[in-house]
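# Reading the structure
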Amino acid sequence: MSTWLGTGPARRRTFDRRDLVGATAMVICVAVSVIAAHGVALKVTVGVLGALAELGLLLNRRFLPPRVAVLGVALTICTGYAITLLAPNGLGEVPVLAGAAVLPMAVPPGPVRNACVAVVAVAFGATIAVISRSPVGLLAGVGAWFISDRSIEHAALQAERDRAVALLAEVEASRQALQEAAAVEERGRIAREMHDVLAHSLAGLSVQLQAVRVIAAREGAPAALTEPLDRAAELARDGVQEARAAVGALRAAPLRGVDDLGRLVGGFPGEARLRVTGRAGRLAPEAGHAMYRAVQEAMTNAARYATGSPIEVDVAWGGRTARVTVRDHGLPAGRGPSGVQGSGTGLRSMAERIEAAGGSLDAGPAPAGPGWRIVVELPVAQAPEDRGAVGGAATGRTTASAGGSTTPREHGGKEAGA
């Protein structure tokens, strides 16, 4: 009861294809019931009741807050009973069954939900028994109960699937971090080997050549001998400097960049797409790495708190700035967060990394429609016109992932759980 009467995230959402199909089916059923009704007054009454049945579903799915959403479902079920009694040859049973299917989503689990489903099933069986004038009609209540039970099972399965998607996103991020750590460790080992063998050998060679040059000069060796020794010593010194630079580069952790975003989005376990617009410039390595990490963290957050929502990643190249926007569309109706919690420092760490690279980050509810949006802007180190190249991303290029998952949430808790 506390879940039912408490506050929760509003369930604003956009209409999708399933909503359109359901509304069309409801209109057809009401039309059939109106035709089956006898007399003009009865036809008008059935039509009004049908409109109220559709209104109940609309209120439940879009407008009513969770604590009173059951009122919309009750309106649909009651009007369905009335249509069934007034026009027995019609399809008034359809609104009742539609209401029975969404009733478990409007009532929290527990004795209250079980009682509501039992009342609807018994009432439906009694209604069918009355219009059929046979006690066998009571068995129809089993159908209403079965539909409600299947809805409960589907919701539980969907919740587990959402949790699996969120956990897969977490596992993928952890796997990538482990791979990078292993790569850094291997590069460190190679760097140590190079330093111990190559750099030391070159340094020893340089010392020996310098000693030989000193001896040759003291013995009055001709220039034909001392000049090659000078060039060899210089090459050895350059080799030492290059070996040290290579060792330093190997010890540095490899940085991700904008070019890696396609693989990141393509490997996301849910539904995500990448869109790149404008002529690509070049970001500094630190800026490109910061952008990659910001997109990775934003997608992981969306998997946690808007599980099942499509994720859009838009990269827009400007003359002197690169802008990336990561947006989800909020929790789908009847769905809840995955329950996977973050460390609580994701957004703050993301903002610090972006600011250190000279950029800015803006995170908050999407301005149009439900969902959450993160916008990152970073300076371009070298614009396309500076390079004189016509390379980069073509306007409107889109890369879609092979993801599998197809109202705003309480955004205030997202940063705490990021």
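Above: the structure in question.
These lines cover the structure that appears in this document, whether it is placed above or below. None of these values were measured; they are calculated from a predicted model.

### Quick word on the overall build of the protein chain
For the protein chain, the count of helices and strands is 13 helices and six strands. Every one of the 418 residues in the protein chain was classed for burial, and the buried ones make up 39%. Approximately 21500 Å² of the protein chain is accessible, and the part contributed by carbon and sulfur atoms is 62%.

### Describing a nonpolar patch on the surface
Taken together, the side chains of Val40, Val44, Val48, Leu52 and Leu55 make up a nonpolar region of the molecular surface, amounting to roughly 420 Å² of accessible area. Residue position: leucine 55 is located in helix α3 (residues 40–63).

### Thoughts on the packing of helix α5 (residues 93–106) against helix α6 (residues 111–132)
Following both chains from N to C, one finds α5 and α6 inclined at 170°, their axes separated by 10 Å at the closest point. Judged by the angle between their axes, α5 and α6 are roughly antiparallel. Residues Glu93, Val96, Leu97, Ala100, Leu103 and Pro104 of α5 form the contact with α6, whose own contacting residues are Arg113, Cys116, Val117, Val120, Phe124, Ile128 and Ile131. For the contact of α5 with α6, a count of residues per class yields 11 nonpolar, no polar and two charged.

### Notes on the pattern of salt bridges
Per the stated rule, a full pass over the model turns up six salt bridges. Of the charged contacts in the structure, one is a salt bridge between arginine 263 and aspartate 260, with a shortest N-O distance of 2.9 Å. Residue arginine 263 is classed as exposed on the basis of its relative accessible area of 55%. Residues joined by salt bridges that share partners form a network here, namely Arg273, Glu312 and Asp314.

### Some words on the packing of helix α4 (residues 69–86) against α6
Where α4 meets α6, the closest approach of the two axes is 10 Å, and the angle between their N-to-C directions is 10°. On the basis of the axis angle, α4 is roughly parallel to α6. In this structure, α4 contributes Ile77, Tyr81, Thr84 and Leu85 to the contact, and α6 contributes Val120, Ala123, Phe124, Thr127, Ile128, Val130 and Ile131. Tallied by class, residues from the contact of α4 with α6 come to nine nonpolar, two polar and no charged.

### Observations concerning the pairing of strand β4 (residues 360–365)
Each regular strand displays side chains that alternate between the two surfaces of the sheet. As paired elements, β4 and strand β5 (residues 372–379) share six bridges and run antiparallel to each other. Directly across from glycine 364, in β5, lies its bridge partner arginine 373.

### Concerning the environment of valine 44
Structurally, valine 44 can be placed in helix α3. With a relative accessible area of 51%, valine 44 lands in the exposed category. Sequence separation of valine 44 and valine 34 is 10 residues, and the distance between their C-alpha atoms is 7.5 Å.

### Let's talk about the pairing of strand β2 (residues 311–317)
Across the two faces of β2 the burial differs, with Ile311, Val313, Val315 and Trp317 buried and Glu312, Asp314 and Ala316 not buried at all. In terms of handedness, the path from strand β1 (residues 272–277) via helix α10 (residues 285–305) over to β2 forms a crossover that is left-handed. When β2 meets strand β3 (residues 321–327), the two strands line up antiparallel, connected through six bridges. In the sheet register, valine 313 faces β3, and the bridge partner there is valine 326. Linking β2 to β3, which pair antiparallel, is a turn of three residues.

### With respect to unusual backbone geometry
We note that arginine 133 has phi near 55°; this positive angle belongs to a residue other than glycine. Structurally, arginine 133 is set in the loop between α6 and α7 (140–218). The class of arginine 133 is exposed, set by a relative accessible area of 80%.

### Observations concerning the nonpolar core
Within the largest apolar cluster, 36 residues are counted, with the highest numbers of intra-cluster contacts made by Leu283, Val295, Met299, Ile311, Val313, Trp317 and Leu378. Contributions of two or more residues to this core are made by α9 (261–266), β1, α10, β2, β3, α11 (346–356) and β5. Ranked by the residues each element gives to this core, the list is headed by α10, at 10 residues. Ala69, Val70, Ala106 and Val107 belong to the second largest nonpolar core, which has 20 residues in total.

### As for the environment of alanine 23
Mapped onto the secondary structure, alanine 23 falls in helix α2 (residues 17–36). Along the backbone, alanine 23 and leucine 58 are 35 residues apart, and their C-alpha atoms lie at a distance of 9.1 Å.

### Observations concerning the side chain of threonine 79
Tracing the sequence through the fold places threonine 79 in helix α4. Here threonine 79 falls in the buried class, since its relative accessible area comes to 5%. In this view, threonine 79 contacts Leu49, Leu52 and Ala53; residues no more than four positions away in its chain are not counted.

### As for the side chain of aspartate 328
Mapped onto the fold, aspartate 328 is located in the loop between β3 and α11. At a separation of 3.0 Å, a polar atom in the side chain of aspartate 328 contacts the main-chain amide nitrogen of glycine 330.

### A closer look at the environment of cysteine 29
Relative to the helices and strands, cysteine 29 is located in helix α2. Judged by its relative accessible area of 11%, cysteine 29 is buried. Considered as a pair, cysteine 29 and glycine 90 are 61 residues apart in the sequence and their alpha carbons are 7.6 Å apart.

Basis of the calculations
All residue numbers refer to position in the chain's written sequence, counted from 1. Given that the model is predicted, a residue must reach a pLDDT of at least 70 before its local features are reported, and side-chain atom pairs must reach 80 or more before they are shown or counted; all residues, however, enter totals for whole chains, interfaces and linings. Hydrogen atoms and water are omitted, and side-chain values are computed over all heavy atoms in the structure. The secondary structure listing takes helices from DSSP runs of H or I that are at least 4 residues long and strands from runs of E that are at least 2 residues long, numbered from the N terminus. For every residue, the accessible area (1.4 Å probe, protein chains only) is compared with the maximum for its type, and the residue is labelled buried under 20%, exposed over 50%, or partly exposed between those bounds. Surface accessibility follows the Shrake-Rupley procedure with a 1.4 Å probe radius. Residue values consider only the protein chains on display as shielding. Exposure above 30% relative accessible area and the lack of any salt bridge qualify a residue for a patch; like charges then connect within 9 Å, and the nonpolar side chains Val, Leu, Ile, Met, Phe, Trp and Tyr within 5 Å. Think of a salt bridge as a Lys or Arg side-chain nitrogen and an Asp or Glu carboxyl oxygen that are within 4 Å of each other. In this analysis, axes come from line fits to C-alpha atoms, helices being fitted only over the stretch in contact, and the angle between any two N-to-C directions falls in the range 0 to 180 degrees. By the definition adopted for this analysis, an angle is roughly parallel if under 35 degrees, roughly antiparallel if over 145, roughly perpendicular if from 65 to 115, and oblique otherwise. Any two residues whose heavy atoms approach within 4.5 Å are treated as being in contact. Residues are grouped as follows: Ala, Val, Leu, Ile, Met, Phe, Trp, Tyr, Cys and Pro are nonpolar; Asp, Glu, Lys and Arg are charged; every other residue, Gly included, is polar. Pairing between two strands requires that DSSP report at least two bridges joining them. Place the viewer so that the strands point away; then a crossover is right-handed whenever the path from the first strand over the helix to the second strand goes clockwise. Throughout this description, the term nonpolar core refers to a set of buried Ala, Val, Leu, Ile, Met, Phe, Trp, Tyr and Cys residues connected via side-chain atoms within 4.5 Å. In the analysis that follows, any N or O atom pair within 3.5 Å is treated as a polar contact, provided that within protein one partner can donate a hydrogen and the other can accept it, and provided that, for residues neighboring in sequence, both atoms belong to side chains.

The analysis is restricted to geometry; functional conclusions fall outside its scope.
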